[in-house]
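Spelled out, the chains give:
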Amino acid sequence: LYCHPEIQKTPKSDKLREWYLSMIRKAKKEKIVLANRNIYDYFFTTSGESKAKVTAARLPYFDGDYLHGAAEDIIMQLHDKGATKYQRRGKFKKLSTKRSCRDFADAESSSNAFMDLQVMQKLGGTIFGMREDFIMVHMQHTCTHCREFINFGQRWVCQKCSDDFQLCHHCYMEEEKLNEEERHPAGKREWHSLHPVDVDELPADTRDGDEIIESEFFDTRQSFLSLCQGNHYQYDTLRRAKHSSMMVLYHLHNPSAPAFATSCNVCHHEIEAGQGWKCEICFDFDVCHTCYSNPEVQRHPHKLVQHPSCNAQNKEARQERLLQLQKMLELLVHATQCRQSSCQYAKCRNMKELFRHGVNCKTRVQGGCGLCKRMWYLLHAHARSCKEANCHIPRCMDLKEFSRRAKLQQESRRRAAVNEMMRQHAAESAAGNR
């Protein structure tokens, strides 16, 4: 795909959607996926015989997803709008009696329900134009009425509608209490019978026995996309998907290995490990051995050095550097907790002196201080892997907050690009209907 013309590198939404649907159809045949729908019809409408409440609390929440980010933006806009309105009216009066407190609680509850309705209306209106692109797949059976997962017991399936209509045990008991004309199918004179089907219960222990592996390539969607784009990993065919998945697992289990393939700046061919030359000054200039040896190729003005070979010694050196970094991070945590003047660890004193230098240094990183650069490198490395909510390591909370804000800005730009694509799609559809 990366060799195709620029206009073909980013597939259109209809092509991309059909590719996803073809994979889902194959997954259905192999009993991996049970059903697929679009998110708008499932969560933003009450069509058919669904009795589930339309609320933002039912929306699937995935970190970095478009829906929850857009919902948070809408909530912030509504809060700002409400705060401005109350500021114009004046300050709140003090509530002194029990009745006034009860009335305030009721008003607060109705206000939250109204905001929930506004969020769903605005969010539904945003994705309505491209609702077919918001594909959702079901890995478990869901009840048609309450739309909750049926993970145990029995599900009651319509003999005529098959899996298009199925109820959980609770909704089936409520269905049995209704009159025949009120039962499934709603609004029709005929009556469909329901028969029970046993559900394969989930295992009692669903914990994953494998150890958790941290990787910067999976921190955000953009990081994973950059890894795939930089190495031309594609998932458009089964063969390419297998290769790409294998390479992603390789990077996951070998974090010290080079992450991206290098291409020649002259012939634009990929350079095999240890076979090219790079500039000592220009960080993005590399040439292959063929172009370097060709006298007809114009010489680069700076000195070129050969790429390090990918042999066993270099692999061992990378592993040694990774192990050394891990020991330094453990020493960093120890030095911040140590209160002894003569610690048993030999390098604890050196780490404390490094912290004192960072506090009193006037040159700082901006001025080129090597010790400050070393300290900030360790602090950044610790913050990337730290999972504690209230970490006592200096600057850890600030660095995590900075990373969180940068991630939010990146997601905001991505949502803005999606909104712009939606507007263009709506404009094209309106122009085509004229």
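Conventions used here
- Residues numbered from 1 in each chain as written.
- Predicted model: local features only at pLDDT ≥ 70, side-chain atom pairs only at ≥ 80, totals over all residues.
- Heavy atoms only, no water.
- Patch = residues over 30% accessible without salt bridge, like charges linked within 9 Å, V, L, I, M, F, W, Y side chains within 5 Å.
- Areas by Shrake-Rupley, 256 points an atom, 1.4 Å probe, with all protein chains shown as cover.
- Salt bridge = Lys/Arg side-chain N within 4 Å of Asp/Glu carboxyl O.
- Helix = DSSP H or I, 4+ residues; strand = E, 2+ residues; numbered from the N terminus.
- Pairing = 2+ DSSP bridges.
- Axes fitted to C-alpha atoms, helices over the stretch in contact; angles between N-to-C directions.
- pLDDT = per-residue confidence, 0-100.
- Contact = heavy atoms within 4.5 Å.
- Buried < 20%, exposed > 50% of the residue type's maximum accessible area, 1.4 Å probe, protein only.
- Arc of directions from axis to C-beta.
- Phe/Tyr/Trp six-rings, centres within 6.5 Å; stacked < 30°, edge-to-face > 60°.
- Lys NZ or Arg CZ within 6 Å of the ring centre and 35° of its normal.
- Lys, Arg positive; Asp, Glu negative; His and termini not counted.

**Q** Describe a nonpolar patch on the surface, and please don't skip the residues or the numbers.
**A** A surface patch of nonpolar side chains, about 250 Å² in accessible area, is lined by Leu16, Tyr20 and Met23. Position of leucine 16 relative to the elements: it lies in helix H2 (residues 13-29).

**Q** Residues and numbers for the sheet that holds strand S9 (residues 286-288), please.
**A** Pairing is antiparallel across the open sheet formed by 3 strands, whose spatial order is S9-S8-S10. Where the open sheet ends on each side, the last strands, each with one partner, are S9 and strand S10 (304-306). The average angle at which neighbouring strand axes cross in this sheet is 30°, direction not considered. Where strand S8 (residues 276-279) meets S10, 3 bridges bridge the pair, whose relative direction is antiparallel. Bridging from a neighbouring strand, cysteine 279 pairs with leucine 304 of S10.

**Q** Please provide a residue-by-residue account of the confidence of the model for the protein, values included.
**A** When the pLDDT values of the protein are averaged, the result is 79; 85% of them are 70 or greater. For the protein, per-element mean pLDDT is lowest for helix H1 (residues 6-9), which scores 62, and highest for strand S2 (residues 135-138), which scores 90. A low-confidence stretch, residues 91-96 (pLDDT under 50), is modelled with 4 contacts involving residues beyond four sequence positions or located in other chains.

**Q** I'd like a rundown of helix H7 (residues 221-231), residues and numbers included.
**A** For H7, every residue scored as buried is listed here: Leu227, Cys228 and Asn231. Projected down its long axis, H7 carries its buried residues within an arc of 90°, all on one side. Considering only its buried residues, H7 is in contact with helix H8 (238-253). Positioned one or two residues after H7, histidine 232 has a phi angle of 60°, which is positive.

**Q** Would you mind going over the packing of aromatic side chains in detail, with residue names and values included?
**A** Enumeration over the complete set of coordinates arrives at 8 aromatic pairs. Consider the rings of tyrosine 42 and phenylalanine 43, whose centres lie 5.0 Å apart with planes at 80°: the pair is edge-to-face. An identical accessibility class is assigned to tyrosine 42 and phenylalanine 43; each is buried. By way of ring pairs, the aromatic residues Tyr40, Phe44 and Phe128 are connected into one cluster. Positioned above the aromatic ring of tyrosine 292, the side-chain terminus of arginine 299 is 5.8 Å from the ring centre.

**Q** Outline unusual backbone geometry, supporting the account with residue identities and numerical values.
**A** Glycine aside, a negative phi is what most residues show, and trans is what most peptide bonds show. One non-glycine residue with positive phi stands out, namely lysine 31, at about 65°. On the accessibility criterion, lysine 31 (71% relative accessible area) is exposed.

**Q** I'd like a rundown of the environment of glutamate 411, residues and numbers included.
**A** Inspection of the secondary structure assignment puts glutamate 411 in helix H13 (residues 396-433). With relative accessibility at 7%, the residue glutamate 411 sits in the buried group. Sequence-wise, glutamate 411 and glycine 69 are 342 residues apart; in three dimensions their C-alpha atoms are separated by 7.6 Å.

**Q** Lay out helix H6 (residues 169-176) with the relevant residues and their values.
**A** Side chains three or four residues apart in an α-helix point the same way, a direct result of the helix having 3.6 residues per turn. All of the buried residues in H6 are Cys171, Tyr172 and Glu175. All buried residues of H6 fall inside an arc of 105° around its axis, so they share one side.

**Q** Before we move on, could you go through the pairing of S8 and cite the residues and values that matter?
**A** The sheet contact formed by S8 and S9 spans 3 bridges and is antiparallel. Within the sheet, the bridge partner assigned to lysine 278 lies in S9 and is aspartate 286.

**Q** How would you summarise the side chain of lysine 352 if you had to cite specific residues and measurements?
**A** Within the secondary structure, lysine 352 sits in helix H11 (residues 348-360). For the buried lysine 352, which has no salt bridge, the nearest side chain bearing the opposite charge is glutamate 353, at an N-O separation of 10 Å. Excluding residues within four positions of it along the chain, lysine 352 makes contact with Ala335, Cys338 and Gln340.

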